[in-house]
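# Examination of the molecular architecture
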Amino acid sequence: MRLVTWWAFFSSGCAPVILVAGWAVAALLEGPAYDSATQTISVLAAYGAAGFWVMTAALFAVGVCHLVTAWGLRAATRAGRMALAGGGLSALAVVLVPAPSSGGDLRHGSVAAVGFALLAVWPVLAAQRDGAAPWGLRPTPSMLATALMGIAAAWFLFEVRHQGVIGVTERVVTFMQSLWPFVVVVSCLRHPRRRRLTAEHT
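Residues numbered from 1 in each chain as written. Predicted model: local features only at pLDDT ≥ 70, side-chain atom pairs only at ≥ 80, totals over all residues. Heavy atoms only, no water.

### Some details on the overall build of the protein chain
The following threshold applies: Secondary structure elements are defined from DSSP: runs of H or I of at least 4 residues count as helices, runs of E of at least 2 residues count as strands, and each element is numbered from the N terminus. In this description the radius of gyration comes from C-alpha coordinates, and the expected globular size is given by 2.2 Å times residues to the power 0.38. Accessible area is worked out with a 1.4 Å probe on protein chains only. A residue is then buried under 20% of its type maximum, exposed over 50%, and partly exposed in between. Each accessible area value is a Shrake-Rupley result obtained with a 1.4 Å probe; residue values ignore everything except the protein chains displayed when judging cover. Positive charges come from Lys and Arg alone, negative charges from Asp and Glu alone, with His and the N- and C-terminal ends not counted. A single reference atom marks each charge: NZ on Lys, CZ on Arg, CG on Asp, CD on Glu.
Scanning the protein chain from N- to C-terminus turns up 8 helices and 0 strands. Counting from the amino terminus, helix and strand elements in the protein chain follow one another as α-α-α-α-α-α-α-α. The C-alpha atoms of the protein chain give 17 Å as radius of gyration, which agrees with the globular expectation for 202 residues (17 Å, within 12%). Looking at the protein chain residue by residue over its 202 residues, the buried ones come to 45%. In the structure as shown, the protein chain presents an accessible area of about 10300 Å², 70% of it carried by carbon and sulfur atoms. Across the protein chain, the mean location of the 14 positive side-chain charges is 17 Å away from that of the 7 negative side-chain charges.

### Looking at helix α6 (residues 139-161)
For the record, the criterion: Any helix carries an expected span of 1.5 Å times its number of residues minus one. The contact definition used throughout considers only heavy atoms, calling two residues in contact when any of these lie within 4.5 Å.
Counted at 1.5 Å a residue, the expected span for α6 with its 23 residues is 33 Å, and the 33 Å between its end C-alpha atoms agrees. Within the sequence span of α6, burial applies to P141, S142, A145, T146, M149, A152, F156 and E159. In the core, the buried residues of α6 are packed alongside α5 (106-126) and α7 (166-189). Just beyond α6, the residue with positive phi is Q163, at close to 55°.

### Thoughts on the confidence of the model for the protein chain
Definition in use: In predicted models, pLDDT denotes the confidence assigned by the predictor to each residue on a 0 to 100 scale.
In the predicted model, the protein chain carries a mean pLDDT of 90, and 93% of its residues have values of at least 70. Across residues 195-202, confidence stays below pLDDT 50; counting only partners more than four residues off in sequence or on other chains, it has 3 contacts.

### So, the packing of aromatic side chains
Our working rule: In summary, the pairing rule links any two rings of Phe, Tyr or Trp, Trp by its six-membered ring, whose centres are within 6.5 Å, and it sorts them by plane angle into stacked for under 30 degrees, edge-to-face for over 60 and tilted for everything else. Either the NZ atom of lysine or the CZ atom of arginine qualifies as a charge over a ring when it sits within 6 Å of the ring centre and within 35 degrees of the ring normal.
In this structure the tally under the stated criterion is 7 aromatic pairs. Residues W7 and W71 carry aromatic rings whose centres are separated by 5.1 Å and whose planes lie at 40° to one another, so their mutual orientation is tilted. Highlighted residues: W7 in helix α1 (residues 6-30) and W71 in helix α3 (residues 52-72), separated in sequence by 64 residues. The exposure class assigned to W71 is exposed, which follows from its relative accessible area of 57%. Ring plane angle 40° and centroid distance 5.7 Å describe the contact between F9 and F182, whose orientation is recorded as tilted. With a gap of 173 residues between them, F9 in helix α1 and F182 in helix α7 connect regions that are remote in the sequence. Exposure remark for F9: the relative accessible area of 39% places this residue in the partly exposed category. Each member of the aromatic cluster is reached from another via a ring pair, and the members are W6, W7 and W71. Here the basic side chain of R171 rests over the ring of W23, its NZ or CZ set 5.3 Å away from the ring centre.

Structural data, given as C-alpha cells:
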C-alpha cells in the first residue's frame, strides 16, 4: 500500500498557498480601512466585506484540501486522519456561519475554535510509533508541531484579551496549521519505503 497518494501532495501543497492568497487579495479589496495586524481573517469573510467572496472561497477551498489530504495520507493513523478531516469540515462550517461585520459571534467563534483544536492535535494523533515511519509522522516532530501550534494559539488568545496584534497571531496559527500537512506528505514521498514500493511497481 502506498504511504500517500499523488492527489494528497497536490491538495496539501495548495492549502497554504490558497489561504495566504485569499487573505492577501481580500485585504487589498477591503482597502486601507482594514488593518491586517489587528483585525482577523474572519472580518474579511464577513457579510458585506468587499473581499467576502474571495475569503469565503479560500476558506472553502482550504477545507476541501484538508479533506482530500486526510483521504490520501494513508501512512497516518486513522485518528490523525479523522482529526485532519474534522479540521477541514470545520473550515467548511466556518463558511456557513461567517462572523457578522459588527464583530465576534459565538457560533462562528465556536466552530473556528473546534477547527483550530483539531488541526493542532492531528499531528500527535497521526504519529506512528514505528521507528521506520516517515519523518513527519514520527512522535518527536509530531509533538513539536502540536506544541508550536499550541503556543501560537496561546499567543493569539493573549492578543485577543489585550486587543493587540490579533491579525498577525491568527495568521501565524492558520498558516502553520495549513502547512504541516504538506510537510508530512513530502516526508512520506521522500521516505525510503515509499521509493522502494514505487520502484517495485515500475
